[in-house]
Amino acid sequence: MKLITEFSVFNLTKALALKSNLSAEGKTPEEIQENLATTYKLEGDKLKFFVNALDVASQNQTALKRVFVATLTEGETQPAKAVQIEEHFYVPEFIAPPKPVAAASVGKGGPKGGGRGGPGGKGGDKVKTSPWGMSPEELAAKKGKAKPS
């Protein structure tokens, strides 16, 4: 898919309000398009894309983020909710709903605390017996040389 341009929801909602006001006054579609062109400083293809994007935005106003104007290359499928007008596709993008937070994961390291994988320590399943390191007996047992008592 090749992206041509995009229009944000802010400009689209303002333009929809302006379009509805002008149509309520009895303006013709050509006059409305001319007014949109002068208000948003658009001309040519960009104006045509904007007017078509307004139609797509009016159909999808809830949770709309922006409208993309794109063309598809050979072999690509049409995106969901895309509207084809002439050879271009107008794809509305929506704001994703927030994901629910899992109640079990309270802090950074989970419900037990300690951000590095263990219960407050730096290692995974290693548990220290002394905060000052290993005792001389533990060092000797680790080296394989048991100290005679």
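Residues numbered from 1 in each chain as written. Predicted model: local features only at pLDDT ≥ 70, side-chain atom pairs only at ≥ 80, totals over all residues. Heavy atoms only, no water.

Asks: Would you explain the confidence of the model for the protein in this entry?
Replies: Note: predicted coordinates in regions of low pLDDT should not be interpreted at a detailed level. With 79% of its residues at a pLDDT of at least 70, the protein reaches an overall mean of 82. Mean pLDDT per element in the protein: helix α4 (residues 136-143) is the minimum at 85, and helix α1 (residues 9-24) is the maximum at 93. (pLDDT = per-residue confidence, 0-100. Helix = DSSP H or I, 4+ residues; strand = E, 2+ residues; numbered from the N terminus.)

Asks: Please clarify how unusual backbone geometry should be interpreted in this entry.
Replies: The phi torsion of most residues other than glycine is negative, and most of the peptide bonds are trans. The backbone of lysine 41 sits at a positive phi, close to 55°, despite the residue not being glycine. Turning to its location among the elements, lysine 41 is positioned in the loop between α2 (29-40) and α3 (45-59). Take lysine 41: its relative accessible area is 73%, and that puts it in the exposed class. Even without glycine at this site, lysine 81 takes up a positive phi of about 65°. (Buried < 20%, exposed > 50% of the residue type's maximum accessible area, 1.4 Å probe, protein only.)

Asks: I tried to follow the environment of glutamate 87 on my own but got confused; where do I start?
Replies: Among the secondary structure elements, glutamate 87 is positioned in the loop between β3 (83-85) and β4 (88-94). In this structure the side chain of glutamate 87 is engaged in a polar contact, spanning 3.5 Å, whose partner is the side chain of histidine 88. (Polar contact = N/O pair within 3.5 Å; in protein donor to acceptor, adjacent residues only side chain to side chain.)

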